[in-house]
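Each chain, letter by letter, is given below.
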Amino acid sequence: MYKKSTSKWRRMISLSLVIALAASLMIGCGKKQTTNQEEKPNTTETTQKEEKKEETKEEAPDYGDTGGLILPLTDKPVTLTMLVPTAVLDLEKKFAFQELEKRTGLTLDVQEVPESAYAEKFKVILASGKLPDIMLTGAYKEINKIAEDSNALVAINEHVDILPNFKKVFVDNPEASWALKSYSAPNGNMYMWPKYNSERVVNHGYLFRKDIFDKHGIKEWTTTEEFYDALKKLKEIYPDSTPFVSKLKESLFNRMSYGWGIKVPAAGGRDVAYYNEDEKVWKSSVTAPEFKEMLDFIKKLYNEGLLDPEFLTDTQESWSGKMAQDGKGFVTFDWVGRMDMFREQVKDTNPDYDLRYALPVGPVGQWLTLSKVSGYGVAIADNKNKELSLKLVDYLTSPSGAELMTMGVEGVTFVRESDGSITYPEFADKETISIKDLEEKYGMFTDGTYLRMADDCVYFNLSEREQEAADKMVEHNRLAPNDPILKFTAEEEDKLSELVPPISTAALEFATKYVIEPSYGEAQWNEWIKQAENLKIQEAVDIHNQAQKRFDQ
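For the structure given in this document, a descriptive report is provided here.

Reading guide: rules and limits
- Residues numbered from 1 in each chain as written.
- Predicted model: local features only at pLDDT ≥ 70, side-chain atom pairs only at ≥ 80, totals over all residues.
- Heavy atoms only, no water.
- Pairing = 2+ DSSP bridges.
- Helix = DSSP H or I, 4+ residues; strand = E, 2+ residues; numbered from the N terminus.
- Axes fitted to C-alpha atoms, helices over the stretch in contact; angles between N-to-C directions.
- Contact = heavy atoms within 4.5 Å.
- Buried < 20%, exposed > 50% of the residue type's maximum accessible area, 1.4 Å probe, protein only.
- Parallel < 35°, antiparallel > 145°, perpendicular 65-115°, else oblique.
- Left-handed = near helix turned anticlockwise from the far one by under 90°.
- 1 Å grid on protein atoms, 1.4 Å probe; cavity = no way out; pocket = protein on both sides within 12 Å on 5 of 7 lines; lining within 4 Å.
- Points joined across faces, edges and corners; volume = space filled by probe spheres on them.
- Nonpolar A, V, L, I, M, F, W, Y, C, P; charged D, E, K, R; others polar.
- Salt bridge = Lys/Arg side-chain N within 4 Å of Asp/Glu carboxyl O.
- Phe/Tyr/Trp six-rings, centres within 6.5 Å; stacked < 30°, edge-to-face > 60°.
- Polar contact = N/O pair within 3.5 Å; in protein donor to acceptor, adjacent residues only side chain to side chain.

A few words now on the sheet that holds strand E9 (residues 355-358). The 3 strands lie next to each other as E8-E5-E9, forming an open sheet whose pairing is antiparallel. One side of each edge strand has no neighbouring strand; the edge strands of this open sheet are strand E8 (331-335) and E9. Sheet twist, expressed as the mean angle between neighbouring strand axes with direction ignored, is 45 degrees. One ladder, built from 5 bridges, connects strand E5 (residues 204-209) with E8; its direction is antiparallel. Residue pairing for E8: Phe208 is matched across the bridge by Val331. The sheet contacts of helix H12 (residues 316-324) involve E5, E8 and E9, and relative to E8 the element is tilted by about 125 degrees.

So, in structure tokens, the structure goes:
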């Protein structure tokens, strides 16, 4: 994914970009050809032509649910350029793109850029004024700034009448329509077309060694008290162990804070305020009583040797070693894919190894809900091809387009078996098929060329452990409501950029000392409250509530 760029490249959009783009729009429309009125066809010829049209209509391929979009999109030779980050070359020769061209009637010129170089390449292209028709973008705030400064990008919301899938997903669907408020520019226009349905139910959470728990008759926890009791029993059985291990460093505070009903900053994060669902207002998360309660709990684990004393310094390698060895670490917080990955890595030496997903701890006991709408997507150049570019992206957002670009074509790339499962004949020898496999083979899942994932695609083909994790969170109602994504004014953004980083840094420094320093307690907490007040935490919270009032209107 293309990551957020700095403000430096905003200034790279020179006046020449605006002039070049404006010139590209000043293209005269050609006159439509008319038939020669003196040469009227006879009745028989007219009837034959109408019958032929009807036959063609009946024989038109069925591409599934296009959302009402008519294919092909054009009967004239048109080439659209697409800028995408990928290591796969010659995408136009891949099956998915050849099929996409056939369905839409368009010729696609895909400009592949290595992911590591994409941000820099994007800056250069913007500065040159020679924008591709469709391009993967960075964060919506950056794209909004570019669009308002240069008039280089299409305001998608102004073309909803020709975009049935955009309308259905982002206008009429309450689950996603908030994006028009949150991701639009201050002028109200939407310049970024977000991805949709590209997240699983859960991707991270608490993981535990079920084989060790079962071996010693330790109950899988459902409450914070049971979590603590389980760690205590493990410590008694394995005195040299540190039952709870982590490689997240200071970000562990952020991950655990959801269980206390708040959201504190991760390392480098900006979450100094959280939305209180009961009171419908934003409050300070870094001075909330819940923050202290969480730190007191973590400090207790640390003091009793239940939390790894190296939790602030552990690397991926050292953490992996502790989780892989019996008698070292038994509980962690990580990516759900690690359950199968670790098992695969140690199956020869420890065939009983069984890492499973557990419920979040804390009084609220929740973990974040992954949004169906992403914070990045594609932008469309405001040029002569903009209408066809918009329609192409609209097709990619339809169920039909989603299936093509994330699954392929039934009977060709995949098969629906009688039991409902999906198989890929050309990957029959692979136990697990990844999205990278499908990108390399067929061109599917290339970032910037798929805008929606099909429900049956491999990304949602969860392993037994991953499915168990999702089911567990849903059945126990442990998914936290998402905080509103607010739209701040330029002045508010500037002020938050001034206020938030010092508060966030100081909060994590305090949290670290509070946990590891024996002397830290009530007095130091009160000192921190005063420090946060001096750093103007309330002003940052007030800005959030001002933006929330506009959001609620």
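Moving on, we get to helix H16 (residues 435-442). For H16, the full list of buried residues reads Asp437, Leu438, Glu439 and Tyr442. In this fold, the buried residues of H16 make contact with helix H3 (95-104) and helix H15 (399-406). Two residues or fewer past H16, Gly443 is found with a positive phi of approximately 90 degrees.

Attention now moves to the packing of helix H18 (residues 490-516) against helix H20 (residues 537-552). Between H18 and H20, the shortest axis-to-axis distance is 9 Å and the interhelical angle comes to 140 degrees. The orientation of H18 with respect to H20, classified from their angle, is oblique. In the crossing of H18 with H20, the sense of the turn from one axis to the other is left-handed. Of H20, the residues touching H18 (which contributes Glu492, Lys495, Leu496, Leu499 and Ile503) are Ile537, Glu539, Ala540, Ile543, His544, Gln546, Ala547 and Arg550.

Looking now at empty space enclosed by the protein. Applying the stated criterion across every chain yields a total of 1 cavity of 30 Å³ or more. Its boundaries defined by the atoms lining it, the largest cavity holds a volume of some 40 Å³. If you trace the largest cavity, you find it lined by Arg200, Val201, Val202, Val336, Leu462, Glu466, Ala469 and Ala470. Broken down by class, the residue content of the lining of the largest cavity amounts to 6 nonpolar, no polar and 2 charged.

Our next topic: the pattern of salt bridges. This structure, assessed with the given rule, holds 42 salt bridges. Among the salt bridges present, the one from Arg465 reaches Asp340, with a minimum N-O distance of 3.6 Å. Remark: Asp340 occurs in helix H13 (residues 338-346) and Arg465 occurs in helix H17 (residues 464-475); sequence separation between them is 125 residues. Judged by its relative accessible area of 24%, Asp340 is partly exposed.

Let's shift gears to the packing of aromatic side chains. As enumerated under the stated definition, the model contains 34 aromatic pairs in all. Arranged with centres 6.0 Å apart and planes meeting at 15 degrees, the rings of Tyr118 and Phe122 form a pair that is stacked. In this pair, Tyr118 and Phe122 are both assigned in helix H4 (residues 115-128), 4 residues apart and thus about one turn of the helix distant. For the pair shown, Tyr118 and Phe122 are each scored as buried. Taking the centre distance of 4.8 Å and the plane angle of 80 degrees together, the rings of Trp221 and Phe227 count as edge-to-face.

Time to look at the packing of H18 against helix H19 (residues 522-534). Geometry of a packed helix pair, given as the angle between the helix axes and the separation of the axes. Contact pair H18 / H19: the axes reach a minimum separation of 11 Å and the direction vectors enclose 175 degrees. In terms of axis orientation, H18 runs roughly antiparallel to H19. Within the contact between the two elements, H18 uses Ile503, Ala506, Ala507, Phe510 and Tyr514 and H19 uses Gln524, Trp525, Trp528 and Gln531. Grouping the amino acids of the contact of H18 with H19 by side-chain chemistry returns 7 nonpolar, 2 polar and no charged.

So, on to the side chain of Ser398. Structurally, Ser398 can be placed in the loop between helix H14 (386-397) and H15. Within the structure, Ser398 has its side chain in polar contact with the backbone nitrogen of Gly401 (distance 2.9 Å). Not counting chain neighbours up to four residues away, the residues in contact with Ser398 comprise Asp65, Thr66, Gly67, Asn165 and Arg452.

Turning our eyes to something else, we now look at the sheet that holds strand E1 (residues 79-85). With mixed pairing, the 5 strands of this open sheet are ordered in space as E2-E1-E3-E11-E4. The open sheet terminates on both sides in strands that have one partner only, identified here as strand E2 (107-113) and strand E4 (193-196). Pairs of neighbouring strands in the sheet enclose a mean axial angle of 25 degrees, with direction left out of account. Relative to strand E11 (residues 373-380), E4 runs antiparallel, the two sharing 3 bridges. Pairing of Trp193 across the sheet is with Val378, part of E11. In this fold H4 packs onto E1, E2 and strand E3 (134-136), with an angle of close to 130 degrees to the strand it touches most, E1.

Let us now look at unusual backbone geometry. Across the junction of Leu71 and Pro72, the peptide omega takes the value -5 degrees, indicating a cis bond. Note that Pro72 resides in the loop between helix H2 (43-59) and E1. Even without being glycine, Asn477 reaches a positive phi, approximately 55 degrees. Tracing the sequence through the fold places Asn477 in the loop between H17 and strand E14 (479-480).

What follows deals with the pairing of strand E7 (residues 281-284). Because side chains alternate across E7, one face comprises the buried residues Trp282 and Ser284, and the other comprises Val281 and Lys283, none of which is buried. Note: strand E6 (residues 273-276) against E7, 4 bridges, orientation antiparallel. Opposite Ala273, over in E7, you have Ser284 as the bridge partner. Connecting E6 to the antiparallel partner E7 that follows it, the hairpin turn spans 4 residues, and Lys280 within it adopts a positive phi of roughly 60 degrees.

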